[in-house]
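Residue-level structure breakdown
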Amino acid sequence: MSKLNRIKAVLAEQEKTSKWLAGQVGKSACTVSKWCSNTVQPDLNTLDKIAKLLDVDVKELLNNTEKE
């Protein structure tokens, strides 16, 4: 499976932890860890909430999957 999200990278850029994000979105640290490792993906509502918490556009949390 390809990497679909950039949550881990954006957290690192903003010097925030996955534990912090878990607390903010009301999910377990294990769930956020799976998002960060691209094992599973957050649903669209949660992705929108993450974008707002990190003050970024949702597009910044997604990897471009189009081939150039």
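Since the structure is predicted, the reported quantities are computational estimates derived from the model, not experimental observations.

What follows covers the overall build of the chain. Helices and strands together make up the secondary structure of the chain, namely 4 helices and 0 strands. N-terminal to C-terminal, the α/β element order of the chain is α-α-α-α. Taking the principal axes of the C-alpha coordinates as reference, the chain spans close to 35 × 25 × 20 Å. The buried share of the chain, reckoned over its 68 residues, is 28%. Taking as baseline every contact in the chain between residues at least 6 positions apart, the subset at least 24 positions apart corresponds to 61%. Within the chain, the 9 negative side-chain charges are centred at a point lying 9 Å from the centre of the 11 positive side-chain charges.

This brings us to the packing of aromatic side chains. One pass over the full model with this rule turns up 0 aromatic pairs. Looking at Lys-16, its charged tip hangs above the ring of Trp-20, at a distance of 5.2 Å from the centre.

In terms of nonpolar packing, the biggest core is built from 15 residues, with Ile-7, Leu-21, Ile-50, Leu-54 and Leu-61 touching the most fellow members. Listed by contribution, the elements that provide at least two residues to this core are helix H1 (7-13), helix H2 (18-25), helix H3 (29-36) and helix H4 (44-54). Sorting elements by how many residues they give to this core places H4 first, with 4 residues. Beyond its immediate sequence surroundings of up to four residues, Leu-21 is in contact with Ile-7, Leu-11, Val-32, Ile-50 and Leu-53.

As a further point, take unusual backbone geometry. The phi torsion at Glu-15 lies on the positive side, around 55°, for a residue other than glycine. Here Glu-15 is to be found in the loop between H1 and H2. Positioned with a positive phi, Asn-38 is a non-glycine residue whose angle comes to about 60°. If you trace the backbone, Asn-38 turns up in the loop between H3 and H4.

Definitions and limits used
- Residues numbered from 1 in each chain as written.
- Predicted model: local features only at pLDDT ≥ 70, side-chain atom pairs only at ≥ 80, totals over all residues.
- Heavy atoms only, no water.
- Helix = DSSP H or I, 4+ residues; strand = E, 2+ residues; numbered from the N terminus.
- Buried < 20%, exposed > 50% of the residue type's maximum accessible area, 1.4 Å probe, protein only.
- Contact = heavy atoms within 4.5 Å.
- Lys, Arg positive; Asp, Glu negative; His and termini not counted.
- Charge placed at Lys NZ, Arg CZ, Asp CG, Glu CD.
- Phe/Tyr/Trp six-rings, centres within 6.5 Å; stacked < 30°, edge-to-face > 60°.
- Lys NZ or Arg CZ within 6 Å of the ring centre and 35° of its normal.
- Core = buried A, V, L, I, M, F, W, Y, C linked by side-chain atoms within 4.5 Å.

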